Amino acid sequence: NAGVMQNPRHLVRRRGQEARLRCSPMKGHSHVYWYRQLPEEGLKFMVYLQKENIIDESGMPKERFSAEFPKEGPSILRIQQVVRGDSAAYFCASSSGMNTEAFFGQGTRLTVV
Amino acid sequence: AQSVTQPDIHITVSEGASLELRCNYSYGATPYLFWYVQSPGQGLQLLLKYFSGDTLVQGIKGFEAEFKRSQSSFNLRKPSVHWSDAAEYFCAVGARVRSYGGSQGNLIFGKGTKLSVKP
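Here the structure is a predicted model, which is why all the values come from computation and not from measurement.

A. Structural view of the side chain of aspartate 86 of chain A. All names here are of chain A. Counting through the fold element by element, aspartate 86 comes out in the loop between strand E8 (75-79) and strand E9 (88-95). A residue is classified by how much of its surface remains accessible, and aspartate 86, at 2% relative accessible area, is buried. Separated by 2.7 Å, the side chains of aspartate 86 and arginine 64 make a polar contact. For aspartate 86, the contacting residues outside a window of four places in its chain are Arg36, Arg64, Phe65, Ile79, Leu110 and Val112.

If you want it as structure tokens, here you go:
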């Protein structure tokens, strides 16, 4: 049973481009969480999704950021018109239910040049 | 407001020595508490968690943590550190969310403590 898979592991984008980060949850998991980790900081919660639904997006920036978790396929975190301040590691976690352990992926390291 | 504080940014211990990493939290009720470890370039691995019951919690890799309500603390300990324990350690509390109560995936993390191990 593969763990939480994130791709790409590293992503370089120029300012103004779009970044798409993918997260495939563990088999049997229908709950996905996205976090951002800035240098020298802990992880900050961004959004919590269940298949086709956003449960909690209280940590998402109001503009340029969006997330989805379609019925089929991975969860996508999309950042439009990236800026240097978006450079960070983005982690995804998945769980089988709201009150079960969440397992983290290895993250996508986004660099905006 | 819910928050987690890890007072020590960086700790160095000798291999074989004991370890204690500090964690304090601010929370309005009985918290769900977690310790995670992150190796360089890797994701997070859960070491242990506390929900209720016995305040001394055993985890993987020989780690344990003690919940002390009076001190709002959840310190992580290991009796004898191995060189492979060098990593960054994060304490977290389960966020309490009015609309759905919260989940084990919606966590508030501290800024982490980086552990170095001397030979």
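B. A look at the interface of chain B and chain A. Facing the 20 residues of chain B at the interface are 21 residues of chain A. Here chain B meets chain A over a buried area of about 1800 Å², counting both sides, of which 49% is carbon and sulfur. Counting the surface chain B buries against chain A, the share from its top three residues, Tyr100, Gln104 and Phe109 of chain B, is 26%. The tally of links between chain B and chain A comes to one salt bridge. Along the contact surface separating chain B from chain A lie nine residue pairs in polar contact (both at pLDDT 80 or more). Secondary structure elements with two or more residues in the side of chain B that touches chain A: strand E5 (33-38), strand E6 (44-50) and strand E11 (107-109) of chain B. The element contributing the most residues to the side of chain B that touches chain A is E6 of chain B, with three residues. Looking at side-chain class alone, the side of chain B that touches chain A contains eight nonpolar, ten polar and two charged residues.

C. Representation of the nonpolar core. Within the largest apolar cluster, 27 residues are counted, with the highest numbers of intra-cluster contacts made by Leu19, Trp35, Leu47, Leu48, Phe74, Leu76 and Tyr89 of chain B. Those elements that place two or more of their residues in this core are strand E2 (10-14), strand E3 (19-21), E5, E6, strand E8 (64-68), strand E9 (73-78), strand E10 (87-94) and strand E12 (113-118) of chain B. The element contributing the most residues to this core is E10 of chain B, with four residues. Ranked by size, the runner-up nonpolar core spans 23 residues in total, among them Val4, Met46, Phe65 and Cys92 of chain A.

D. Region of the structure containing the sheet that holds strand E3 (residues 19-24) of chain A. Residues and elements named next belong to chain A. Read from one edge to the other, the open sheet built from four strands follows the order E1-E3-E8-E7, with strand pairing classed as antiparallel. Among the strands making up the open sheet, the edge pair consists of strand E1 (5-7) and strand E7 (65-68). Shown here is a sheet whose adjacent strand axes are inclined to one another by a mean of 15°, direction ignored. Sheet analysis places E1 next to E3, joined by three bridges and oriented antiparallel. Counterpart to methionine 5 in the pairing with E3 is serine 24.

E. Summary view of the packing of aromatic side chains. Applying the stated criterion across every chain, the model contains 15 aromatic pairs over all chains. Feature note: the residues Tyr35, Phe45 and Phe104 of chain A together with Tyr32, Phe34, Tyr36, Phe51, Phe90 and Phe109 of chain B constitute an aromatic cluster, connected by ring pairs. Here the guanidinium or amino end of arginine 96 of chain B rests over the ring plane of tyrosine 27 of chain B, the centre of that ring lying 5.0 Å away.

F. Fine view of unusual backbone geometry. All names here are of chain A. Backbone torsion omega between asparagine 7 and proline 8 reads -5°, so that peptide bond is classified as cis. Look at glutamate 52: it is not a glycine, yet its phi comes out positive at around 65°. Note that glutamate 52 resides in the loop between strand E5 (43-50) and strand E6 (53-56). Phi at glutamine 81 takes a positive value of approximately 45°, unusual for a residue other than glycine.

G. Structural detail: the pairing of E7 of chain A. Of the two faces of E7 of chain A, only one is covered, namely that formed by Phe65 and Ala67 of chain A; the face formed by Ser66 and Glu68 of chain A stays uncovered. In this antiparallel pair of consecutive strands, E7 of chain A and E8 of chain A, the connection spans six residues, and glycine 73 of chain A shows a positive phi of 95°.

H. View of the pattern of salt bridges. In total, this model carries eight salt bridges over all chains according to the counting rule given. In this structure, glutamate 41 of chain A engages lysine 111 of chain B in a salt bridge whose closest nitrogen and oxygen atoms are separated by 3.7 Å. With glutamate 41 of chain A in the loop between strand E4 (31-37) and E5 and lysine 111 of chain B in the loop between E11 and E12, the pair connects residues from two separate chains. With a shortest N-O distance of 2.8 Å, lysine 78 of chain B and aspartate 85 of chain B are connected by a salt bridge. Accessibility expressed as a relative area gives 11% for lysine 78 of chain B, which makes it buried. Here the salt bridges do not stand alone but share partners, grouping Glu18, Arg20 and Arg78 of chain A into one network.

Calculation rules
- Residues numbered from 1 in each chain as written.
- Chains lettered and ligands numbered in written order.
- Predicted model: local features only at pLDDT ≥ 70, side-chain atom pairs only at ≥ 80, totals over all residues.
- Heavy atoms only, no water.
- Helix = DSSP H or I, 4+ residues; strand = E, 2+ residues; numbered from the N terminus.
- Buried < 20%, exposed > 50% of the residue type's maximum accessible area, 1.4 Å probe, protein only.
- Polar contact = N/O pair within 3.5 Å; in protein donor to acceptor, adjacent residues only side chain to side chain.
- Contact = heavy atoms within 4.5 Å.
- Buried area = accessible area lost by both parts, 1.4 Å probe.
- Salt bridge = Lys/Arg side-chain N within 4 Å of Asp/Glu carboxyl O.
- Nonpolar A, V, L, I, M, F, W, Y, C, P; charged D, E, K, R; others polar.
- Core = buried A, V, L, I, M, F, W, Y, C linked by side-chain atoms within 4.5 Å.
- Pairing = 2+ DSSP bridges.
- Axes fitted to C-alpha atoms, helices over the stretch in contact; angles between N-to-C directions.
- Phe/Tyr/Trp six-rings, centres within 6.5 Å; stacked < 30°, edge-to-face > 60°.
- Lys NZ or Arg CZ within 6 Å of the ring centre and 35° of its normal.

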